[in-house]
Amino acid sequence: MLHVVSHRSQVSAGQMHTAIGLALALPLVLVLGCQLTGRESPVPKSLAISRQLTQQGVAALEQGDSKRAERTLAEAVQTSPVDPDARRHYAESLWHSGDEAGAIAQMQEAVRLTPDDAMVRVRLARMQLAAGNVESARQNAARAIDLNPKLPAAWAVRARVLLALGQPRQALADCHRALALAPDDPGFLLMTAELYRHLNQPQRALGTLHTLADTYIPGEEPHNVLVLQGFAYVALGRYEDAVRAYHAALARNPGEPEVLYHLARAELMAGRPENAAGAARQALALQPEHPQSRALLREIETAAVDGSYRR
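Residues numbered from 1 in each chain as written. Predicted model: local features only at pLDDT ≥ 70, side-chain atom pairs only at ≥ 80, totals over all residues. Heavy atoms only, no water.

1. A closer look at unusual backbone geometry
Part 1 of the argument: Its identity is not glycine, yet Asn200 carries a phi of approximately 60 degrees, on the positive side.
Part 2 of the argument: If you trace the backbone, Asn200 turns up in the loop between α10 (186-198) and α11 (202-213).
Part 3 of the argument: Residue Asn200 is classed as exposed on the basis of its relative accessible area of 63%. (Helix = DSSP H or I, 4+ residues; strand = E, 2+ residues; numbered from the N terminus. Buried < 20%, exposed > 50% of the residue type's maximum accessible area, 1.4 Å probe, protein only.)

2. So, the pattern of salt bridges
Part 1 of the argument: Across all of its chains, the model carries 13 salt bridges by this definition.
Part 2 of the argument: The salt bridge partner of Arg238 is Asp241, with a shortest N-O separation of 2.9 Å.
Part 3 of the argument: When its relative accessible area of 34% is taken as the criterion, Arg238 is described as partly exposed.
Part 4 of the argument: Here the residues in one salt-bridge network are Arg238, Asp241 and Arg244, joined through shared partners. (Salt bridge = Lys/Arg side-chain N within 4 Å of Asp/Glu carboxyl O.)

3. Details of the packing of helix α2 (residues 45-62) against helix α3 (residues 66-79)
Part 1 of the argument: Here α2 crosses α3 at 165 degrees, and the two axes come no closer than 8 Å. On the basis of the axis angle, α2 is roughly antiparallel to α3. For the crossing formed where α2 meets α3, the hand is left-handed. Facing Ser46, Ile49, Ser50, Leu53, Thr54, Gln56, Gly57, Val58, Ala60 and Leu61 of α2, the residues of α3 in contact are Ser66, Arg68, Ala69, Thr72, Leu73, Glu75, Ala76 and Thr79.
Part 2 of the argument: Looking at the contact of α2 with α3 residue by residue, the class counts come to eight nonpolar, eight polar and two charged. (Axes fitted to C-alpha atoms, helices over the stretch in contact; angles between N-to-C directions. Parallel < 35°, antiparallel > 145°, perpendicular 65-115°, else oblique. Left-handed = near helix turned anticlockwise from the far one by under 90°. Contact = heavy atoms within 4.5 Å. Nonpolar A, V, L, I, M, F, W, Y, C, P; charged D, E, K, R; others polar.)

4. A short note on the confidence of the model for the chain
Part 1 of the argument: The predicted model of the chain averages 86 in pLDDT, with 84% of residues at 70 or higher.
Part 2 of the argument: Confidence over residues 1-38 falls short of pLDDT 50; this stretch has one contact with residues more than four positions distant or in other chains. (pLDDT = per-residue confidence, 0-100.)

Quick look at the structure:
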């Protein structure tokens, strides 16, 4: 009988120690459990609502409903002022509606909330450059490069800033850095061609444009690529090729007086003043006060009187 009682006492004591141990260990298990299972802390309700509103605003912007997008994204920012995504998308909606100052202010706040996000700084630099704030754009472009030297967009935006500062050769160097990181990017190829043209290197510009054109299905090359090809051909004295390039560009967008003027000039240089006059008249029919076309037409008409034309 005594043996039985002693055994029960030992069991009860063991159970008591186990219970105490579990009680002491439970808080630690609960703390470590969240970490070990990788669970994140709950998202604040205001942030969750802000994210939903942001998604709705972005969808409205994609659908072309800019007023609803701006209204919804403004509400998202008000709901959670510390949500950088809401700030960033709200900035885009303001930019889309023409409020440059408001857009830049929102993007600056997004940068403050995510100071290490290089892409947000790139977008801010683009906005600042478009708004004429070149020095601020330069600072943000440089910071974006510091944050992520392998981000092509960072080198590209600084290239545009350097061009605005009158440093085309340095801009070309940055553009080449962007291309080295993204060799087939159409935007970087186009910018490189534009910089070669700016530096009066038409052969290199044309080579880059041919590389760019090869990235498209034949017959689907963008209008601006064809126009730049025309410029390069004229600079190289290849007027027939220029005429073909301008015709191809006009097939994409027939109502452009500026391209018609360049076509007229190329036709004149190719020795066809009648065709040149026809193209100039088409430009003036679209824009009666187009100064270059009017001047070129006077030149052709004057040359016709004495039976000569300039080449």
